[in-house]
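Structural features, examined
Here is how the chains run, residue by residue.
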Amino acid sequence: MPFFNSYFGSFSDWLNTRRKRWLSRHGQKLSMGYWRSLNRKGWFRVLGKAAATVLLVLFVFYLAVYFGLFGWLPTKRQLKSVQNNMPSEVYTADSVLIGRYFIQDRTNVAYDQIAEPAIKALVATEDVRFYEHDGVDYRSLARVFVKSLLLQNESSGGGSTLSQQLAKNLFPRKDVGFLSMPVNKLREAILARRFEAIYTKEELLALYLNTVPMGGNVYGIESAARRFFSTSADSLKTEEAAVLIGLLKGTTSYHPKLYPERSKLRRNVVLAQMAKYGYLTPAQKDSLQKRPLTLRYNPYSHHSGLAPYFREHLREELGQWAALQKNGEGDPYNLYNDGLKIYTSIDSKMQRHAELALRQRMKTLQVDFDKHWGNKSPWAGKPDVVQAAKLRSLRYKRHKAAGLSENEIDKIFNTPRKMQVFRWRGEVSRTITPMDSLRHYLRYLNAGFIAMEPNSGFVRAWVGGISHNYFQYDHVRSRRQVGSTFKPIVYATALERGITPCSYFPNERRVFPEHENWSPRNANDQYGGAYSMLGALSQSINTVSVNVALQAGISNIIQTAHNLGITGELPSTPSLALGTADASLLEMVAAYASLANGGYQIKPRYLLRITDRQGTILFDQSNPNGQGKQVLSNQTTALLRPMLESVISEGTGHRLRSDYRLKMGIAGKTGTTQSQADGWFIGFTPDLVAGAWVGGEDRRIRFRNLEQGGGANTALPIWGTFFQRLSNDRAYRRYGYSQFSPLPSYLQGYLNCPPYQPPYVEAPVEEDRGIEGLFKKGGKKLKDLFKRRNKEEKDWQKDLEKELEKKGKGRGRWARED
């Protein structure tokens with residue numbers, strides 16, 4: 001302690017000594033008399049020292065900013081490769097841009113892709129001496145020094161060149177306290193000089209117009225042109241360019257959609273500036289200023305545009321892919337900032353046909369559904385349907401996660417608020433409670449549709465629902481009970497096990513005590529007789545399908561389904577034959593693709609290629625890799641195809657011929673689940689395999705009869721309308737006439753049998769009396785005895801022939817090539 005007292009005491013004495021010495025030398029300068037006594041030479045000396053001190057301070061300040069004491073400054077080398085945040089873009093197979101993944105909506109364009117009026121309007125309005133200065137306009141800088149620096153008037157503005165504004169756009173200003181304004185202005189001046197040293201004036205203009213904010217999350221002139229005028233930057237008219245350049249003064253104040261009159265006045269100011277500096281004649285200026293403000297506003301969102309459900313599915317996949325890939329600097333790619341180009345297999349025209357087909361059918365079907373229920377709710381007698389919808393809702397989950405009690409959440413759900421409400425006639429604004437909103441949307445039937453090529457697996461159309469803005473659950477991927485669309489897998493397994501298409505099975509109801517006395521019923525409640533496999537499949541006879549499944553083996557059917565790409569657990573019960581399993585539309589269409597391509601396993605493919613913003617390929621699967629392993633023999637699929645064609649010609653899919661007049665070769669199957677909860681149709685032509693599903697978000701929302709709720713009435717029309725539209729489109733007319741290859745002659749005999757055999761009924765015979773009648777009865781019995789023996793002998797001979805055939809060929813008889 002004495003040491004510290006001694007040390008600080010000595011230091012205090014030293015300070016006092018220095019203070020007294022300074023006062024003795026300069027103390028007189030603190031008095032007014034000293035300054036009054038100064039002559040001109042003295043004043044010059046004082047001002048000179050002051051100026052030197054200020055210059056020294058400014059120089060030190062400049063060096064501090066230059067060398068990054070107030071924040072990092074990019075070098076010229078780094079500025080050469082400067083990259084602003086760019087969204088990743090999604091393209092179709094026919095090179096149509098269908099979506100972007102972005103935080104900032106921006107698309108870069110080259111100088112020659114920007115309309116000349118936009119360039120002239122920018123220079124005339126923002127930096128008329130742009131072509132004369134080297135990044136800093138010293139005349140404007142003097143004004144900024146006085147107003148902004150000395151007077152601290154941040155609103156004075158007006159001193160920044162386009163190069164300085166570019167620096168501000170690319171490298172946002174930093175807060176360094178009371179020095180923020182001078183530090184940021186000096187940083188921008190330094191960067192502007194560096195930009196001018198490495199870029200041409202044209203390159204700087206393009207870079208500026210690609211980075212400038214245009215209101216909301218819109219950045220750059222290309223995105224702004226697309227948003228406000230539904231055009232591209234190179235097609236902007238002079239008055240349109242003036243609107244966008246005028247927007248730079250205040251992206252909210254002069255927003256043409258929000259404040260059209262204010263935007264028009266600002267546009268006319270820009271046109272006047274263009275005339276003032278010789279870019280327009282007075283006559284041109286007057287003519288353009290008289291024109292009304294005409295917008296073609298395109299409020300793009302992730303819910304709008306083509307294939308929103310597909311883009312959302314792709315976004316999830318791409319996010320996982322990007323996190324595992326490294327860029328040149330060793331960092332993971334950012335899907336929202338790195339400007340990736342993503343090329344998909346989607347065909348833009350097919351996608352549009354698919355969306356319109358689904359919309360057309362569902363709009364009509366919803367009218368039928370509302371009439372079907374009338375004033376009665378589809379969930380009448382099932383109040384838990386609405387409660388379940390509430391618990392599923394994002395609103396409920398958010399409030400629950402925030403720790404709100406059930407009473408608090410109930411109060412929110414029963415408080416009216418203004419909201420946009422979906423209707424097929426167009427969305428409307430309503431003041432309703434969230435509970436009313438849930439009930440409103442529960443009444444809507446939804447749908448999914450997908451089309452793909454059976455050989456390549458390329459997905460050409462993907463529609464996940466009726467409106468992505470209001471129904472974001474993707475029904476291409478959702479798992480629903482598949483119904484009779486599963487039967488082709490059952491019959492394919494039977495064919496693989498050696499059961500022939502002309503094998504007959506009794507059409508009789510059967511009870512399965514070991515499965516809770518389950519007893520399959522036919523949709524038409526008709527029984528008796530026997531059906532061949534061909535007839536049973538075309539007429540969708542449930543009793544026969546179960547018998548076929550039992551003979552083929554349930555475990556074998558499950559294995560076939562998994563081989564065809566159906567994941568998830570499948571019930572090991574006879575009911576599997578009727579489609580009690582859950583699967584997605586994507587999986588089922590992929591399984592049918594294998595039935596269409598000769599039995600080869602196929603995996604849906606939709607992501608073809610990914611490049612970075614420089615065009616370097618990061619991922620490439622654009623060339624078909626060939627088919628997967630063969631999981632069904634060629635002969636099995638060859639025989640199954642005409643069986644599925646019979647569904648279209650004379651079975652549950654006949655409307656495709658009668659109502660939609662489709663002429664191409666079609667094979668397919670309808671499907672309807674218990675109580676019409678799900679309606680399906682999946683079919684294929686020589687070129688495409690496609691599937692449609694229709695149902696309520698809740699499985700308890702459905703039609704009450706098969707005629708209206710069956711897949712032939714709900715889902716099949718979507719499929720039919722899609723192919724009808726393709727057939728009428730000149731670009732796809734070939735799809736309307738393509739036909740399957742004929743069945744090989746050596747297989748035709750396997751299908752040459754009646755589809756149905758009615759039950760045998762003996763005609764009643766009048767009974768004879770007396771001795772003569774007795775002899776007749778005895779003779780008849782003897783005759784029947786011989787007949788029965790002959791029949792048994794013939795049956796035995798047939799069984800022997802079949803056994804010999806099996807020994808000679810076995811299952812290998814299906815291995816013959818076409």
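Residues numbered from 1 in each chain as written. Predicted model: local features only at pLDDT ≥ 70, side-chain atom pairs only at ≥ 80, totals over all residues. Heavy atoms only, no water.

**Here's the deal with the overall build of the protein chain**
When helices and strands are counted, the protein chain shows 31 helices and 19 strands. The buried share of the protein chain, reckoned over its 818 residues, is 47%. Taking the intrachain contacts of the protein chain between residues at least 6 apart in sequence as the baseline, contacts between residues at least 24 apart amount to 70%. As displayed, the protein chain offers around 42200 Å² of accessible surface, 52% of which is attributable to carbon and sulfur atoms. (Helix = DSSP H or I, 4+ residues; strand = E, 2+ residues; numbered from the N terminus. Buried < 20%, exposed > 50% of the residue type's maximum accessible area, 1.4 Å probe, protein only. Contact = heavy atoms within 4.5 Å. Areas by Shrake-Rupley, 256 points an atom, 1.4 Å probe, with all protein chains shown as cover.)

**Observations concerning the packing of helix α5 (residues 116-126) against helix α11 (residues 238-246)**
Where α5 contacts α11, the axes come no closer than 8 Å and their chain directions differ by 40°. Between α5 and α11, the interaxial angle falls into the category oblique. Where α5 crosses over α11, the handedness of that crossing is right-handed. Contacts from Pro117, Ala118, Ala121, Leu122 and Thr125 in α5 reach Thr238, Ala241 and Ile245 in α11. Taken together, the residues of the contact of α5 with α11 sort by class into six nonpolar, two polar and no charged. (Axes fitted to C-alpha atoms, helices over the stretch in contact; angles between N-to-C directions. Parallel < 35°, antiparallel > 145°, perpendicular 65-115°, else oblique. Left-handed = near helix turned anticlockwise from the far one by under 90°. Nonpolar A, V, L, I, M, F, W, Y, C, P; charged D, E, K, R; others polar.)

**Concerning the packing of aromatic side chains**
Applying the stated rule across the entire model yields 24 aromatic pairs. Each ring, one from Phe422 and one from Tyr444, has its centre 5.3 Å from the other, and the planes form 65°; the classification is edge-to-face. Within this pair, whereas Phe422 is found in the loop between β6 (417-421) and β7 (428-432), its partner Tyr444 is found in the loop between α19 (434-442) and β8 (445-452), the two being separated by 22 residues in sequence. You can call Phe422 buried: its relative accessible area is 6%. For Tyr444, a relative accessible area of 8% translates into the label buried. (Phe/Tyr/Trp six-rings, centres within 6.5 Å; stacked < 30°, edge-to-face > 60°.)

**Here we look at the pattern of salt bridges**
Under the counting rule described, the total for this entry stands at 25 salt bridges. Note that Lys285 is salt-bridged to Asp286, the shortest N-O span being 3.6 Å. The salt bridge partner of Asp698 is Arg392, with a shortest N-O separation of 3.8 Å. Note that Asp698 is positioned in the loop between β18 (689-696) and α27 (706-709) and Arg392 in helix α16 (residues 384-392), a separation of 306 residues in sequence. What you see here is one network of salt bridges that share partners, running through Asp384, Arg392, Asp698 and Arg700. (Salt bridge = Lys/Arg side-chain N within 4 Å of Asp/Glu carboxyl O.)

**Structural notes on the sheet that holds strand β16 (residues 667-672)**
Taken in spatial order, the five strands make up an open sheet running β9-β8-β18-β17-β16, and their pairing is antiparallel. The sheet is open, and its two edges are formed by β9 (459-463) and β16, each paired on a single side. Sheet twist, expressed as the mean angle between neighbouring strand axes with direction ignored, is 5°. Against the sheet, helix α25 (residues 634-650) contacts β16 and β17 (678-684), and its axis sits at roughly 60° relative to β16. (Pairing = 2+ DSSP bridges.)

**Quick notes on the nonpolar core**
Counting residues in each nonpolar core, the largest one holds 141 residues, and the members touching the most others are Met362, Phe449, Trp462 and Tyr491. Counting residues per element, this core draws most heavily on helix α24 (residues 585-596), at nine residues. Discounting residues that sit within four places of it in the chain, Met362 has contacts with Trp424, Leu445, Asn446, Ala447, Ile466, Val694 and Ile718. (Core = buried A, V, L, I, M, F, W, Y, C linked by side-chain atoms within 4.5 Å.)

**What about the sheet that holds strand β1 (residues 88-91)?**
Note on sheets: strands pair through backbone hydrogen bonds, and any given pair is parallel or antiparallel. An order of β2-β1-β5-β14-β15 is seen for the five strands of this open sheet, with the pairing classed as mixed. The open sheet has two free edges, formed respectively by β2 (97-101) and β15 (617-620), since each of these has just one partner strand. The sheet shows a mean angle of 15° between the axes of neighbouring strands, direction not considered. Here β1 pairs with β2 via four bridges, running antiparallel. Following the sheet pairing, Val90 is matched in β2 by Gly99. On the sheet, helix α14 (residues 308-324) packs against β1, β2, β5 (341-344), β14 (607-611) and β15 and is oriented at approximately 50° with respect to β2.

**As for a nonpolar patch on the surface**
A cluster of nonpolar residues, Leu56, Phe59 and Val60, forms a patch on the protein surface that exposes about 300 Å² of accessible area. Locating Phe59 in the fold gives a position in helix α3 (residues 40-66). On the accessibility criterion, Phe59 (47% relative accessible area) is partly exposed. (Patch = residues over 30% accessible without salt bridge, like charges linked within 9 Å, V, L, I, M, F, W, Y side chains within 5 Å.)

**Some remarks on the packing of helix α7 (residues 162-170) against helix α9 (residues 201-211)**
Between two packed helices, the angle of one axis relative to the other and the distance separating the axes together describe the packing. Following both chains from N to C, one finds α7 and α9 inclined at 45°, their axes separated by 10 Å at the closest point. If you check the angle between α7 and α9, you find them oblique. In the crossing of α7 with α9, the sense of the turn from one axis to the other is left-handed. Along the contact surface, α7 presents Leu162, Ser163, Gln165, Leu166, Asn169 and Leu170, while α9 presents Leu204, Leu205, Leu207, Tyr208 and Thr211. Of the residues in the contact of α7 with α9, the class split is seven nonpolar, four polar and no charged.

**Side note on unusual backbone geometry**
In this structure, Asn517 takes a positive phi of about 60° despite not being glycine. Topologically, Asn517 is positioned in the loop between β11 (504-506) and β12 (530-532). For Asn517, a relative accessible area of 52% translates into the label exposed.

**Considering the environment of Met86**
Within the fold, Met86 resides in the loop between α4 (76-80) and β1. Sequence separation between Met86 and Arg106 is 20 residues, and the spatial gap between their C-alpha atoms is 5.7 Å. Ignoring sequence-local partners within four residues, the contact set of Met86 consists of Arg106, Asn108, Tyr336, Asn337, Asp338, Gly339, Lys341 and Arg613.

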